[in-house]
Amino acid sequence: MKLKPSLLVLLLACFSAGLFAQVAADPLDFFYTDLTIWETSGIINNLPAARPYPLQMVKEILAQVIEKGDTTQRKIAESHYKRFFGRILTYGGKSDAAVDTEKSLKQLAIALSFDINYEMEEFVSLSASVDGWATNKLFDQEVVPSWNYSDKDIISDNAKVGPMWILPSINSSIAVGTTEYYLNAGLMRGSFGPFPENGVVVGQQALHSGQYSFAVNKPLWGINVSMYSLSATTADDSDSFSPEKFLAVHNLEFRPFEWLSVSILESITYGGRMELLYLLPISPYFISQGLMGLNDNSYLGGMFTIKPLEGLKIDGVLYADDLSFNDIIKLHFDTKWRLTGQIGASYAPRESGIFTLASLDYTMVTPYTYSHKPDDSLSLTVPNFQNYQHAGKSFGAALDPNSDRVNLKLKLRPLEGIDFDIVGILIRHGNVNEGMDAKRIEEYMTHPYITDGTILNPSATNVGHAFNYSTPFLSQDTLQYIWQTGFDATCVLPVLKSGGYMVFRFGYRFEANLNEDINKDIYTNSGTYSESAAAIQLSDWREKATGTVFNNYISAGFEYYY
């Protein structure tokens with residue numbers, strides 16, 4: 001009997017042994033999902049802002065849950081402890097598949113994996129994962145709902161067999177210190193702040209990057225200093241990467257009460273050099289930037305967490321890119337606000353049961369936030385060291401500027417080993433160039449600019465900054481609306497002979513996308529300007545942008561743990 005190659009690959013994906021990340025170096029590891037539940041319920045408090053954590057911190061967290069949790073919580077913590085500390089080397093494979101039934105898109109991937117968690121000395125630990133992938137989709141091609149990204153850290157190369165890319169993925173970290181003082185460095189994904197799954201400072205959906213994080217974690221206060229080594233891209237080529245782009249973030253956190261933490265936050269993006277001045281833990285970046293000639297891009301913000309009742313957690317982040325200080329101090333609030341923010345509430349009962357976690361959060365990104373010009377030439381062909389991108393995608397919120405998002409999630413555990421997540425998401429977005437005045441439109445039609453309303457569309461032009469004294473946040477006539485709803489089901493079964501377990505995954509998303517093509521250039525460079533020509537370009541854009549598309553995404557996976 002002969003099998004077609006495509007059928008053989010499908011069978012291998014369904015029946016191969018599987019193993020997803022079992023390393024502290026990966027914030028997508030399901031340990032961090034349970035950590036969110038433990039933080040919300042109040043079993044765990046006062047963790048550093050930057051994730052992932054070193055093994056020293058992971059061990060301390062699990063010890064606290066084993067000590068304070070109920071029978072179910074202790075059992076889950078003990079299972080994680082066995083994964084991380086039961087053996088140094090774990091090996092196996094993993095597989096996943098996905099389809100979009102409306103667009104007839106198909107995704108298939110299988111991998112061999114080797115994971116290491118090793119406490120070399122009392123104060124030194126190593127965590128690493130090595131995956132060898134065979135996949136028919138690259139990072140930015142995977143079949144996922146809008147504003148979702150791949151969980152694979154792979155980069156395009158020439159290694160290809162038929163339709164399958166053969167690509168490696170490595171995530172690693174080495175940590176030195178204790179749970180109170182440590183330095184954690186490696187190549188890995190990350191997050192920063194109280195919204196680890198979809199944060200606005202560092203989002204874990206972004207491709208992995210080089211990271212260096214120093215933390216001081218005291219009961220009443222904490223300091224976190226992180227440096228991220230990013231990949232710069234040009235506006236006309238998001239697939240070609242350039243080196244020497246960096247994001248430095250630090251925060252000072254105060255914890256006056258067990259139920260309250262407040263922190264001030266700063267960051268700076270820059271490139272073309274490594275600037276050691278931005279590694280100083282308590283030197284303000286705004287002052288340091290002045291010594292560098294104000295050539296870099298600084299952000300200022302704050303974060304808070306309040307736990308007013310047992311099991312209830314309220315979080316907030318406000319992160320300012322650029323503000324019109326002179327207008328704000330005069331109480332003129334119709335002015336420039338380049339900022340992003342999040343606020344959310346979550347609830348997790350202290351005692352285990354069917355209902356595990358409920359969360360609701362709101363995210364906004366005002367026009368031109370994250371979007372900075374590459375240099376004074378406004379060139380589309382030079383690497384951009386100023387914007388908030390890494391490898392061609394946002395390193396913060398997974399949204400374009402002039403967008404907001406409402407995110408609802410309900411997690412149920414009807415039986416031991418079975419998790420069922422119900423999700424609902426609403427995203428709105430507008431192209432900020434709709435509604436421009438004639439002066440700006442003339443500039444856009446007579447010079448090469450981007451007018452698609454994405455993160456690649458900065459406010460700077462040769463005649464000044466667009467909307468420099470106002471913030472047209474979602475006030476355009478044409479808006480994009482994205483509704484997503486669905487579920488994710490996970491079943492974990494023990495394999496007694498090997499001491500491991502199998503994992504079955506199934507997920508579904510329904511998506512309605514109104515005005516899907518809004519992120520197209522409204523005005524293009526024709527060399528000349530007239531009101532009638534501008535009106536024609538705007539009318540053509542509106543005609544092509546409008547319409548509704550419905551998508552159904554189905555995903556599945558099977559994994560096996562030795």
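That block above? That's the structure.
Residues numbered from 1 in each chain as written. Predicted model: local features only at pLDDT ≥ 70, side-chain atom pairs only at ≥ 80, totals over all residues. Heavy atoms only, no water.

Before going further, it helps to examine empty space enclosed by the protein. Going through the model one piece at a time under the given rule, you end up with six cavities of 30 Å³ or more. Approximately 640 Å³ is the volume found for the largest cavity. Breaking the lining of the largest cavity down by element, the ones donating at least two residues are α2 (30-41), β11 (237-257), β12 (260-271), β13 (297-306), β14 (312-323), β15 (337-347), β16 (355-365) and β19 (403-415). Split by residue class, the lining of the largest cavity holds 16 nonpolar, 14 polar and eleven charged. Here the second largest cavity defines a volume of roughly 210 Å³. Forming the walls of the second largest cavity are 23 residues, and the residues nearest its centre are A235, P374, L380, L456 and P458. When the residues that make up the lining of the second largest cavity are grouped by side-chain class, the tally is 13 nonpolar, nine polar and one charged. (1 Å grid on protein atoms, 1.4 Å probe; cavity = no way out; pocket = protein on both sides within 12 Å on 5 of 7 lines; lining within 4 Å. Points joined across faces, edges and corners; volume = space filled by probe spheres on them. Helix = DSSP H or I, 4+ residues; strand = E, 2+ residues; numbered from the N terminus. Nonpolar A, V, L, I, M, F, W, Y, C, P; charged D, E, K, R; others polar.)

Where a protein is soluble and globular, its nonpolar side chains tend to be buried together. By size, the foremost hydrophobic cluster in this structure holds 27 residues, and its most contacted members are F192, V201, Y228, L247, Y370, Y388 and F395. Elements with a contribution of two residues or more to this core: β10 (221-234), β11, β13, β14 and β20 (418-430). Counting 20 residues, the second largest nonpolar core, distinct from the first, contains A24, Y32, I61 and A77. (Core = buried A, V, L, I, M, F, W, Y, C linked by side-chain atoms within 4.5 Å. Buried < 20%, exposed > 50% of the residue type's maximum accessible area, 1.4 Å probe, protein only.)

What follows deals with the packing of aromatic side chains. Applying the stated criterion to the full structure yields 25 aromatic pairs. Measuring from ring centre to ring centre gives 6.4 Å for F31 and W38, while their planes differ by 65°; the resulting arrangement is edge-to-face. Neither residue differs from the other here; F31 and W38 are each classed as buried. Where F257 meets W259, the ring centres are 5.2 Å apart and the plane angle is 5°; that geometry is what we call stacked. For F257, a relative accessible area of 43% corresponds to the partly exposed category. Classification of W259 by relative accessible area gives partly exposed; the value is 42%. (Phe/Tyr/Trp six-rings, centres within 6.5 Å; stacked < 30°, edge-to-face > 60°.)

A few words on the environment of G453. With respect to the helices, strands and loops of the structure, G453 is situated in the loop between α7 (438-446) and β21 (460-461). Of the residues examined, G453 reaches a relative accessible area of 5% and is grouped as buried. C-alpha separation for the pair G453 and V432, spaced 21 residues apart in sequence, amounts to 5.5 Å. Discounting residues that sit within four places of it in the chain, G453 has contacts with D400, P401, H429, N431, V432, N433 and N519. (Contact = heavy atoms within 4.5 Å.)

Once that is clear, we can look at the layout of surface pockets. When its volume is computed, the second largest pocket comes out at roughly 1,400 Å³. Forming the walls of the second largest pocket are 49 residues, and the residues nearest its centre are D140, W147, Y149, G392 and K393. Secondary structure elements with two or more residues in the lining of the second largest pocket: β11, β18 (393-394), β23 (479-495) and β24 (500-514). Per-element accounting of the lining of the second largest pocket gives the leading share, four residues, to β11. Its residues placed into classes, the lining of the second largest pocket shows 20 nonpolar, 14 polar and 15 charged.

Honestly, that's just the spatial picture; any functional story needs more than this.
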